[in-house]
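# Per-entry structural report
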Amino acid sequence: MTQRLRTPRLGTTALIYLALAGVLAAGAVAVALDGGNLFATANLVDMLTRTSLTGFLAIGMTLVILCRSLDLSVGYTAALSSLVAATTMDGQAANVPLAIAAVLLVSGLIGAANGAVTAYLGVNPFITTLGTGLIIKGYLDTQYKGPAGDVPAVFQQFGYTRIGPVPMSTLVMLAVAAAAIWFLRSSRTGHHMYAVGGDADVARMSGIRTGRTLLAAHVLCGMTAGVAGLLLAARFGTGSAEAYTNLYELDAIAAVVLGGTLLLGGRGGVAGTVAGVAILAVLDTVFNVLQIDPFAKDVLRGVVIIAAVAIYARRQLDRTARRPRFAEGRAS
Amino acid sequence: MTRARELLLRATNPTATVFVLLVLVFAAVFAMNPGFFEGPSLMAFLKQAAPLVILAAGQYFVIVSGNFDLSVGALVGAQVVIAARLIDGEESRTVPVMIVMALFGIGVGLVNGLITTALKVQSFITTLGMLLVLYGAIRLWTGGAPTGSLSESFRQAGRMGIENVPVLGQIPWALLIMIAVGAGSVLLMRTRFGRILMAAGDNERAAALSGARVDTARIAAFVLSGLSATVAGILIGGFAGVSAQVGDGLEFTVITAVVLGGVVLGGGRGSVLAAMAGALVIEALFTLFNQMALPATLRPALQGAIIIAAVAYAARRRPVPTATASPTPS
Amino acid sequence: MTETLLAMRGIGKSFLGVPVLSSVDLTMNQGEVHALVGENGAGKSTLMKILAGVHTADAGTIELDGRAVSFTHPLQAQHAGVASVFQEFNLLPELTVAENVHLGREPKRRGLIDRRAMVDATAAILADLGVDDLPPTARVGSLSVAHQQIAEIAKALSQGADLICMDEPTAALADAEVELLYRLVGRLRERGTAVLYVSHRLKEIFDLCDRITVLKDGRLVDSVATADITPDDLVAKMVGRRIESQFPERLPGTVHGDVRLKVAGGGNDYVDGIDLEVRAGEIVGLAGLQGSGRTEIAEAVFGIAPFTRGTVEVDGAPVRITRPRKAIGAGIALVTEDRKAEGLALWQSVRANARMVLDANARVHSRRRLARVSDLLASLDLVARGEDQEVRFLSGGNQQKVVVAKWLAAEPGVIVLDEPTRGIDVGAKHKLYSVIRELAAEGLAVLLIASELIEVIGLADRIVVLHDGRIAGELPGGATEQQVMAYATGRGPE
């Protein structure tokens, strides 16, 4: 035994897609044992529909987490955005472009506020975004007692149209994901996000404007939350302040860490996040089909997130381990 | 030379800021309602504030050791629901159920701590997962809405006190429990355990290489947080009664309080007394909002603005120890 | 004929009202290797960081190539041709060499990052430096310290630097790797790139540098050509007094007693076949190149990465040391290599740090020992505002004294010192040398690890030389550097 075989290691993204396949297979078996078919059109549609909303939020969340930041305000931003969209549209198809622009502006500004306070005032992002979330919540609770605005039928299509079993919202989400992947790999700002999250001091010393990079991540995260708000408006046909009670931000964070992005920043990517979103969606659908108590879903979701991160933590330990010079048993 | 530096540090010490803030908020409350500082209304305020202050002490231990506990809100809710369901109005079950609750709080803390330390899962994720598990499990157990009811003696702690005291009226049990928890926490931080906890939050590796049982200390911090949620649950249940929403969002309020107290997320810095003062500031602010007749729905907005402002202030005044390229503060 | 490249005049800088530099001048010619020396706290790093745009000077002017410049950001310094290789590594372990070299200045093609150009340009720079064993696509986290440093220099060159600032570049290198750095600096000089070189190591300064500028207490002491000064005179200028002999003599009354630490056949994943004995009163030096297993032996003895083979005895009793707590219980102390990362809780007070070992271990905790901590700190000549001062405000040398105090508080029988003088000023170094002698005189067994051979040779009674994870040979104290290097490089006895 002179040469030790180097076992090839799976990349984290490959691992998470493998896990997705595993969850799909296990889910299919469970549903089949129950006499159903997980891949029946209705179930597929359900699964894919579930990916879009969390998907938008999780894509933006990936960017901020890569920068070693966090955004706890996305659920509130999405709720506010749905109201901005529905009230601006006010039932008129002609107002749709204006409404979309207004939503992106408002949500982008919220992101900018988060980014600016975190980057330039040195406030922990946990606190910043918790604070902005609470501010938006206070505004929503005070200003809107119920649903408001009216979404014209043409825009409701965004919520309901399908191409085959694939909802349009899911396609849009995948397009946004692809754009984000490209952005992280090929644009300087995107590439620099890894540096800012990996080591802000090093990034700064390399001439990267870390504040701007972080700001950009937060603006984009705010805007994806805005798009999620548009989707909410399209689905409900109206703006809904109550949407924030669903704790979307926790789902988004869960999807991101499930997708292998390090909560401490600097490593990961949107491709993994999409798989993380898909795993959560498959689990939800399987639970739905099996008619398991919705509260059991929360329990399982909690367990899955912890388990996934525990597995990544183990792999991370392996990576940092020193290369042994004297492997056990080789010594004379 | 270094003396000037030290003095500057002391004056801008974020721990001191919270006490200044407390005085300011109380002054505002007093200006609006001079009657606030009369015994009975002050006692009522402290009775209401006690659970948050106790939770802040528990959260402090976790934060100072370098972690988060996001599960305390869900745990408080779970404890209230457990109490109502297990006691089910039977006086005789009060004490046994309290013991069960304490064990449950310890258990949740242990699980949080073990997952965080042994499995190396960030505490943000661990306790977020625990939040979801508790939230789901409690509703699963009760079928959605809480059942049963609390016994009278159980509700004593949250509602009653030493009655007919001159000037003060009632000295609430909650206040006495809060003082006991506070004194205990301050003393605990002065023991070897406290110093190890602090060192572990500051530099985990240095502490471990000095022979400290870092993981054990951190697990103990989570257990203390779980116990504080149990005590808070008993007080809140007694004070406000049983509902499934009772602890919702409480974790964020508590972390806000601790951070307002100048305790730095990430560990190793801040005092437990300041953390508890942070909780008092938050409760006093709520009182102030009430007096200003602001709609209750606006509370979160002001709370959000104040937490950002307070932390930004602390961050601005804190001297930057390492070289950075950002413009040097004036 | 050489031209003046850099002229810094009347530079002043204060932090929080405390002056760190006052009215300092520094001039450098093109292609000159210029040493900046002085004790810790003399202001070397601050001056360098002002030049690099990390700090902005409060007073004074900087001229580069005859043009007045003023930097408020490292980026501006880079654009002007000043690059920096700082003491803390300035690379991202998750990125590749090429990505790191171009970080912040990625080449673009049609608005997008051109990865191929990045790799090609990096390969070209490395080839120019004569480095052929460093692939541009390697992840930096997987590289050796020396290679990471080369990556840093490549990064500086790719920034088109005319002037490279190096802050203690050899601090983490073993002697053989220092050779590589020497070659690189020589190559830079040939290219016409000037180097501003901050180091504590006199040998390097005299081997490498054309001129030397000495700072003391934030003021300029002298700026001389290397040829015009002797090492002794230079040290005298730095400390303001002449240190008569660099290493203190063994104290009278020091006797080598019984074996206190004995390792027989020790081995694990990193070292093998380790037989080692340290007697009471004895200072044993561990020498070897970077990666030869020096630190690994310390970590094995202390239970961080324990021996999985062989036996360890302390004071004649066999012990199984599986983690630091057990080592501490057995009376072993370890002053680790990296005091900020592994030794100190920086935001805690001097007192809290000095008591940390006692606080953490019931087996060594006692009221008597706690009461002794203040005396210990005083006996180490600690300079601090008081025991309540947070250790992050102390100089490197005083921080190291706190680390030493924290271990001595536990009254160990065996003390392992891993690079105890790394990055600390001459005065503190000298104090630590004396302390090591005193510990031996008190009957402790001392295991000393240092990458500066001269330290091991000057202090140790016996030198154990490692090569490739094994003991290559043993020499008496006072052996020559050549003898040690012969073993360390695997060539056998000289």
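Residues numbered from 1 in each chain as written. Chains lettered and ligands numbered in written order. Predicted model: local features only at pLDDT ≥ 70, side-chain atom pairs only at ≥ 80, totals over all residues.

## A look at the overall build of chain C
Looking only at helices and strands, chain C has 18 helices and 22 strands in total. For a compact globule of 494 residues, the expected C-alpha radius of gyration is about 23 Å, and chain C comes in at 24 Å, within 12% of that figure. Overall, the C-alpha framework of chain C stretches about 70 × 45 × 45 Å when taken along its three principal axes. Across the 494 residues that make up chain C, the buried fraction comes to 53%. Sequence separation of at least 24 residues holds for 68% of the intrachain contacts in chain C that already meet a minimum separation of 6. (Helix = DSSP H or I, 4+ residues; strand = E, 2+ residues; numbered from the N terminus. Rg over C-alpha atoms; globule rule 2.2 N^0.38 Å. Buried ≥ 20, exposed ≤ 12 C-beta atoms within 10 Å, placed from the backbone. Contact = placed C-beta atoms within 7 Å.)

## What about the sheet that holds strand E17 (residues 317–319) of chain C?
Residues and elements named next belong to chain C. Here we have 4 strands laid out as an open sheet, ordered E14-E13-E16-E17, and antiparallel in their pairing. Every other strand in the sheet has two partners, leaving strand E14 (274–279) and E17 as the edge strands with one partner each. Each neighbouring strand pair of the sheet contributes to a mean axis angle of 20 degrees, computed without reference to strand direction. Where strand E16 (residues 309–314) and E17 come together, 3 bridges link them in antiparallel fashion. Directly across from Glu-313, in E17, lies its bridge partner Pro-318. (Pairing = 2+ DSSP bridges. Axes fitted to C-alpha atoms, helices over the stretch in contact; angles between N-to-C directions.)

## Examining the interface of chain A and chain B
Listed by partner, the interface residues are 38 residues for chain A and 39 residues for chain B. Elements represented by at least two residues in the side of chain A that touches chain B include exactly helix H5 (125–143), helix H11 (248–258) and helix H13 (294–320) of chain A. A per-class count over the side of chain A that touches chain B returns 22 nonpolar, 9 polar and 7 charged. (Nonpolar A, V, L, I, M, F, W, Y, C, P; charged D, E, K, R; others polar.)

## A few points about the UniProt feature "transmembrane region" (unreviewed entry) in chain B
Residues and elements named next belong to chain B. On the UniProt side, "transmembrane region" (unreviewed entry) is annotated at positions that read residues 12–32, 44–63, 70–87, 93–111, 123–142, 171–189, 219–240 and 246–265 here. Helix makes up 89% of residues 171–189 and strand 11%. Its end C-alpha atoms lie 27 Å apart. Between the first and last C-alpha atoms of residues 246–265 the distance is 26 Å; the span itself is 55% helix and 0% strand. (UniProt positions renumbered as here; feature names shortened; annotations may be inferred.)

## Quick look at the sheet that holds strand E3 (residues 33–37) of chain C
All names here are of chain C. Strand order in the open sheet formed by 6 strands is E6-E9-E10-E3-E11-E12, with mixed pairing between adjacent strands. A single partner strand is all that each edge strand has here, and the edge strands are strand E6 (82–85) and strand E12 (219–225). Between one strand axis and the next, the sheet turns by 20 degrees as a mean value, whatever way the strands run. Where E3 and strand E10 (residues 194–198) come together, 4 bridges link them in parallel fashion. What sits directly across from Val-33, in E10, is Val-195. Lying over the sheet, helix H5 (residues 145–158) contacts E6 and strand E9 (163–167), oriented at roughly 170 degrees with respect to E6.

## Quick look at unusual backbone geometry
Despite not being glycine, B:Ala293 has its phi angle at roughly 55 degrees, a positive value. Tracing the chain through its elements places B:Ala293 in the loop between helix H13 (272–291) and helix H14 (299–317). Given 7 C-beta atoms within 10 Å, B:Ala293 falls into the exposed group. A positive phi angle, near 50 degrees, is found at C:Arg110, a position not held by glycine. Tracing the backbone shows C:Arg110 in the loop between strand E7 (108–109) and strand E8 (112–113). The exposure class assigned to C:Arg110 is exposed, which follows from the 5 C-beta atoms found within 10 Å.

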